[in-house]
Amino acid sequence: MQSQDLNTMMLEYVNDKEEYDAYADKLKMLLSELLDAAGIKYHSIVARTKDSESLYQKVLRQPNKYRSLKDVHDLTGIRIVTYFHDDVREAARIIENEFAIDRDQSVDKSTLLDTTEFGYLSVHFVASLSDQRLALSEYGRFKDYTAEIQIRSILQHAWAEIEHDLGYKNPNSVPAEVRRSFSRVAGLLEIADQEFVNIKKQLKQFEDETVQQILSDPHQVRITADNLNYFIDHSPVINELDKRLVTSQMMLDSDQQLINELIRMFHYVDIRTYGELIEAVTTHSPLALRCAKVMPNPFLPRQGIGIAYICMALTIAGEDTHRIDYFFRRFYPELRNVEEIVAQVARVVETDDSREKY
């Protein structure tokens, strides 16, 4: 390639740089939507366009390979970092289904390693938008654009970044002991990657078994901070109570702070098993709703907030002034009008009882 050709290519790239930037942003948004829709959790999606100086040096090194910008497939680059290596495969499957893949330029680096080797693993696609997507007006302008899409797990990403920072390019240029050290570290990361996947599967199995056990024999399952979140997510009784308490349809997931506070409340009101909790909800939901009417809610609208009012209702229903006073001092220390709130609840109860007589 003559220098004039290279200069022309560079001028074309500089003039079109904003379009490449727009393409990178569009791909990042699209990939985020596709992964979210598939339920794949990821650490990050990073989009970038090639720096002009980097492009210049790349073409200069192999002038016969890059005769036009279309020959440079990584002008736009996307890196997807997942938490688990089994999600790398799932993300790759989605990309293969949703994009047009240049098979000659794409590579699964894990298949390049010998069974006795360890090292940098990732999947690289050279991809362009599919005909179906290009038919949409928002994508049509990117018809001739390609992108390099890399997918790694977070541990694979850590390995690649450290390897790059150490300048570990040619294994034959460093002593054998250093190469062995690299292999040991890479092997440990590969084992850790697999163990995290195993842990994820074990937690999912624990969740499924816990939910099933709660449904089949709730009196035999003790309430713990580990399984309460699962119960709140799956219990129609709790979900119905929450909906009656919170007018907004948007409720946040229960967080660890709420879970810990509920566990403390259960200990105070002597609720130990899910059978006892379900019975308390069934018996005291009307009183819990009355408590919610007269008392400001100290929590954000999170799933499971109804249980806090059940514990409050259970305490008030016991009519033990010392226990009621301690309950509010322990769990709502900032309240200064406890007696007034309890009296308002009592008045509502009396009113409802009198109405029921007529």
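About the thresholds
- Residues numbered from 1 in each chain as written.
- Predicted model: local features only at pLDDT ≥ 70, side-chain atom pairs only at ≥ 80, totals over all residues.
- Heavy atoms only, no water.
- UniProt positions renumbered as here; feature names shortened; annotations may be inferred.
- Helix = DSSP H or I, 4+ residues; strand = E, 2+ residues; numbered from the N terminus.
- Buried < 20%, exposed > 50% of the residue type's maximum accessible area, 1.4 Å probe, protein only.
- Contact = heavy atoms within 4.5 Å.
- Areas by Shrake-Rupley, 256 points an atom, 1.4 Å probe, with all protein chains shown as cover.
- Core = buried A, V, L, I, M, F, W, Y, C linked by side-chain atoms within 4.5 Å.
- Expected span 1.5 Å × (residues − 1).
- Arc of directions from axis to C-beta.
- Polar contact = N/O pair within 3.5 Å; in protein donor to acceptor, adjacent residues only side chain to side chain.
- Pairing = 2+ DSSP bridges.
- Patch = residues over 30% accessible without salt bridge, like charges linked within 9 Å, V, L, I, M, F, W, Y side chains within 5 Å.
- Salt bridge = Lys/Arg side-chain N within 4 Å of Asp/Glu carboxyl O.
- Axes fitted to C-alpha atoms, helices over the stretch in contact; angles between N-to-C directions.
- Parallel < 35°, antiparallel > 145°, perpendicular 65-115°, else oblique.
- Left-handed = near helix turned anticlockwise from the far one by under 90°.
- Nonpolar A, V, L, I, M, F, W, Y, C, P; charged D, E, K, R; others polar.
- pLDDT = per-residue confidence, 0-100.

Looking at an unreviewed UniProt entry, one finds the protein named (P)ppGpp synthetase and attributed to Exiguobacterium indicum. The UniProt entry for the protein carries the following comment under Pathway (unreviewed entry): "Purine metabolism; ppGpp biosynthesis; ppGpp from GTP: step 1/2."

Another point: the overall build of the protein. Each helix and strand in the protein was counted, giving 13 helices and six strands. Split into buried and exposed, the 358 residues of the protein put 41% on the buried side. Once local pairs closer than 6 in sequence are excluded, the contacts in the protein between residues at least 24 apart make up 75%. Summed over its atoms, the accessible surface of the protein is roughly 21000 Å², and 50% of this surface lies on carbon and sulfur atoms.

This paragraph deals with the nonpolar core. Within the largest apolar cluster, 48 residues are counted, with the highest numbers of intra-cluster contacts made by Leu-228, Phe-266, Phe-328 and Tyr-332. Of all the secondary structure elements, the ones that give two or more residues to this core are α7 (228-234), α8 (236-245), α9 (256-269), α10 (274-294), α11 (305-317), α12 (321-331) and α13 (338-357). Non-local contacts of Phe-266, meaning those with residues more than four positions away in its chain, are made with Ile-223, Leu-228, Ile-271, Arg-272, Leu-277, Ile-307 and Cys-311. Membership of the second largest hydrophobic core comes to 39 residues, among which are Leu-34, Val-59, Val-72 and Ile-149.

A word on helix α3 (residues 85-98). Compared with an ideal rise of 1.5 Å per residue, which puts 14 residues at 20 Å, α3 spans 20 Å between its outermost C-alpha atoms and is within 8% of the ideal. Restricting attention to buried positions, one finds in α3 the residues Asp-87, Val-88, Ala-91, Ala-92, Ile-94 and Ile-95. Within α3, the buried residues cover an arc of 160 degrees as seen down the axis, which keeps them to one side.

Before going further, it helps to examine the side chain of Arg-152. Mapped onto the elements of the fold, Arg-152 is located in strand β6 (residues 147-153). Side chain to side chain, Arg-152 and His-157 meet in a polar contact 2.8 Å long.

Attention now goes to the pairing of strand β5 (residues 123-129). β5 sits mainly inside the fold: seven of its seven residues count as buried. The sheet contact formed by strand β3 (residues 99-101) and β5 spans three bridges and is antiparallel. Counterpart to Phe-99 in the pairing with β5 is Leu-129. In the sheet, strand β4 (residues 107-108) pairs with β5 via two bridges, with the strands oriented antiparallel.

The next subject is a nonpolar patch on the surface. Together, Phe-196, Ile-199 and Leu-203 make up an exposed nonpolar region whose accessible area comes to about 280 Å². Residue placement: Ile-199 occurs in helix α6 (residues 176-216).

The next thing to look at is the pattern of salt bridges. Opposite charge on two side chains permits pairing when their charged atoms draw close. Scanning the model with the defined rule gives 15 salt bridges in all. Between Asp-74 and Lys-58 there is a salt bridge whose closest N-O contact spans 3.4 Å. Of this pair, Asp-74 sits in the loop between α2 (52-61) and β2 (76-82) while Lys-58 sits in helix α2, and the two are 16 residues apart along the sequence. The closest approach of N and O atoms between Arg-329 and Asp-325, which form a salt bridge, is 2.9 Å. In this pair, Arg-329 and Asp-325 are both assigned in helix α12, four residues apart and thus about one turn of the helix distant. The class of Arg-329 is exposed, set by a relative accessible area of 51%. Within the structure, one salt-bridge network assembled from shared partners comprises Lys-50, Lys-58 and Asp-74.

The topology assignment puts Glu-148 in strand β6. Look past the residues within four positions of Glu-148 in its chain and what remains in contact with it is His-73, Asp-74, Thr-76, Gly-77, Ile-78, His-124 and Phe-125.

Next up on the list: the packing of α11 against α12. Close contact between α11 and α12 brings their axes to 8 Å; oriented N to C, the two are set at 155 degrees. One way to sum up the angle between α11 and α12 is to call them roughly antiparallel. As for how α11 packs across α12, the hand of that crossing is left-handed. Where α11 abuts α12, its residues Cys-311, Met-312, Thr-315 and Ile-316 lie against Arg-323, Ile-324, Phe-327 and Phe-328. For the contact of α11 with α12, a count of residues per class yields six nonpolar, one polar and one charged.

Attention shifts here to the environment of Lys-17. If you trace the backbone, Lys-17 turns up in helix α1 (residues 3-37). Counting along the chain gives 34 residues from Lys-17 to Asp-51, while the straight-line C-alpha distance between them is 9.6 Å. With residues near it in sequence (within four places) discarded, Lys-17 still touches Thr-49 and Lys-50.

Mapping Ala-186 onto the fold places it in helix α6. By relative accessible area, Ala-186 is classed as buried at 6%. Separated by 26 residues in the primary sequence, Ala-186 and Ala-160 have C-alpha atoms spaced 9.9 Å apart.

Along the polypeptide, Asp-242 turns up in helix α8. Along the chain, Asp-242 and Gly-304 lie 62 residues apart, while their C-alpha atoms are 6.4 Å from each other.

Mean pLDDT for the protein: 83, with 87% of residues reaching 70 or above. Within the protein, the element-level pLDDT minimum falls on α13, averaging 60, and the maximum on β2, averaging 95. When the criterion is pLDDT under 50, residues 353-358 qualifies, and its contacts beyond four places in sequence or with other chains add up to zero contacts.

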